[in-house]
Amino acid sequence: MSGYIAPFYLQQFRLPNGLPLAGGSITSYSNQTSIPKALYFDIALQNACPNPLSLDSAGFAPEFYLGEGLYTLVIKDSFGNIIATRDYVAGSVSS
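Note that the structure is a prediction, hence the values are computed from the model and not measured. (Residues numbered from 1 in each chain as written. Predicted model: local features only at pLDDT ≥ 70, side-chain atom pairs only at ≥ 80, totals over all residues. Heavy atoms only, no water.)

### Re the pairing of strand E2 (residues 25-30)
The buried fraction of E2 is high, at five of six residues. Here two bridges tie E2 to strand E4 (residues 53-54), and the two strands are oriented antiparallel to one another. Residue pairing across strands places serine 25 opposite serine 54, the latter belonging to E4. In terms of strand pairing, E2 meets strand E6 (residues 70-76) through six bridges, oriented antiparallel. Residue pairing in the sheet places isoleucine 26 in a bridge with isoleucine 75 of E6. (Buried < 20%, exposed > 50% of the residue type's maximum accessible area, 1.4 Å probe, protein only. Helix = DSSP H or I, 4+ residues; strand = E, 2+ residues; numbered from the N terminus. Pairing = 2+ DSSP bridges.)

### Some points on the sheet that holds E4
With respect to topology, four strands assemble into an open sheet ordered E4-E2-E6-E7, the strand pairing being antiparallel. Every interior strand has two partners, whereas the edge strands, E4 and strand E7 (82-90), have only one. Here six bridges tie E6 to E7, and the two strands are oriented antiparallel to one another. Note on E7: the bridge partner recorded for lysine 76 is isoleucine 82.

See the structure below:
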């Protein structure tokens, strides 16, 4: 099975005031649960990302791929405050 690259809007993150979300993170879960769900660095879904996945000083996430099914992604600032929650993010479909 191969994964899907995350949509472009999930590659850079900003605060509500437009500033980059420097040092923030993305935590991934099975949709609408608190069960962690892996993101991957490679399209073959062999190299799992850390969960949470850290953002750089410009608010960019490294390129990541989604596995099968639906995700909930929780975006946090560098202090652990929730900035946004995105439910029903679709990953790959099994063949």
